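# Chains, contacts and geometry: an overview
As a plain string of letters, each chain reads:
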Amino acid sequence: MGQAISFLDTHEIEAKQFCAFADAFKQGLGVPQLSFDIDEILEDERNAWLPDMHITTNMDFSVFADEVRRHRESGSDAFTDLVREWRKSKPNFKRQLQIELKGWGATLARTYAEVNERRINAMNSGDIDGTMSAATHRVNILMRRLMSKFDVDRCDSSPRDRQQFVDFMRWEGLEELPSHRISAYLFAALARRYANGQSKLPTPGALNDFEAIAAYGPYVDAMFLDRECAALLAEEPLKSDLPIKGRIFSMATGNEFLEFLESLSGCATISVKSVASEVYGVIPNEIDVS
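Throughout what follows, the structure given in this document is the object of discussion. If you're wondering where the values come from, they're calculated on a predicted model, not measured in any experiment.

## Topic: the pattern of salt bridges
Summed over the entire model, instances satisfying the criterion amount to 10 salt bridges. Residues Asp 81 and Arg 84 are paired through a salt bridge, measuring 3.0 Å at the closest nitrogen-oxygen approach. In this pair, Asp 81 and Arg 84 both sit in helix H2 (residues 65-89), 3 residues apart, roughly one turn of the helix. On the basis of relative accessibility, which here comes to 52%, the residue Arg 84 falls in the exposed class. Across the pair Glu 235 and Arg 192 runs a salt bridge whose closest N-O atoms are separated by 3.0 Å. Within this pair, whereas Glu 235 is found in the loop between helix H10 (227-234) and helix H11 (238-241), its partner Arg 192 is found in helix H8 (residues 178-195), the two being separated by 43 residues in sequence. In this structure Glu 235 comes out as buried when scored by relative accessible area, which is 19%.

Written as structure tokens, this is what we have:
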């Protein structure tokens, strides 16, 4: 992309897809055909000149370290519980995939209720941090956006609107929501591994990795992942079924990744290389303009 352009965060991408499905459902259009153009998930316009002045500040990101660590640890704990269950029940891929795909709406509603119960308890006990944490929880924000779509975010919402919202949350079409479908396949593939005897636990950041793959996979041209995630995506039926258009790289395919980067450089036009020379101070005769 270049410049100072960044991606939308994973939760915002999920919410955008969810809202698009909600709009289609309300209009009776069935499962919508989403655009996977990269510009759909960028914070700003790409391939544009930066402003004349670019001001940055040195920020101490260590203030966020504890929260990041807690998030990783909670995800790791959740995976540990899942692994224990998978080893016990030994689900096959198809069975676990159906569990992941079909239980999502109910899980989302249950999580929303639990988060709001935590928020109310925190408010009653004067716990400001707990109140804010629950209020800004991604599930809370997502559900409120969806409830607004169906006009059920008010006390005087009609029975018809409430029923339509319930029907949407139970809609089989949600199984086709890209971020949800990719995540479901990843979990099912991981469950299959533990059902077949894998002993090594997932890495602490595996849940974050799954979220990133599910969100960005359909839009980007390439992803560099850890070995385990890359190996999962190479398995069938993930390799054939999932809407991931880009190439997948990891440390196991490092040379191929370098070749991919070199191919990108080779695709640059003479004018682009010339501008790069001016902007970055590259000596012109060091730029291959052949």
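## Quick word on the packing of aromatic side chains
Tallying each qualifying case throughout the model produces 16 aromatic pairs. On the numbers, 6.1 Å between centres and 55 degrees between planes, the contact of Phe 21 with Trp 171 is tilted. Pair noted here: Phe 21 is in helix H1 (residues 10-26) and Trp 171 is in the loop between helix H7 (159-169) and H8, with a separation of 150 residues, a long-range link. When sorted by exposure, Phe 21 lands in the same class as Trp 171, which is buried.

## Here we look at the environment of Asn 116
Assignment of secondary structure puts Asn 116 in helix H4 (residues 104-124). For Asn 116, a relative accessible area of 10% gives the class buried. With 23 residues separating them along the chain, Asn 116 and Val 139 place their C-alpha atoms 9.9 Å apart. Sequence-distant contacts of Asn 116, defined by excluding residues within four places in its chain, comprise Asn 140 and Arg 144. A distance of 3.3 Å separates polar atoms of two side chains, one belonging to Asn 116 and the other to Asn 140.

Calculation criteria
Residues numbered from 1 in each chain as written. Predicted model: local features only at pLDDT ≥ 70, side-chain atom pairs only at ≥ 80, totals over all residues. Heavy atoms only, no water. Salt bridge = Lys/Arg side-chain N within 4 Å of Asp/Glu carboxyl O. Helix = DSSP H or I, 4+ residues; strand = E, 2+ residues; numbered from the N terminus. Buried < 20%, exposed > 50% of the residue type's maximum accessible area, 1.4 Å probe, protein only. Phe/Tyr/Trp six-rings, centres within 6.5 Å; stacked < 30°, edge-to-face > 60°. Contact = heavy atoms within 4.5 Å. Polar contact = N/O pair within 3.5 Å; in protein donor to acceptor, adjacent residues only side chain to side chain.

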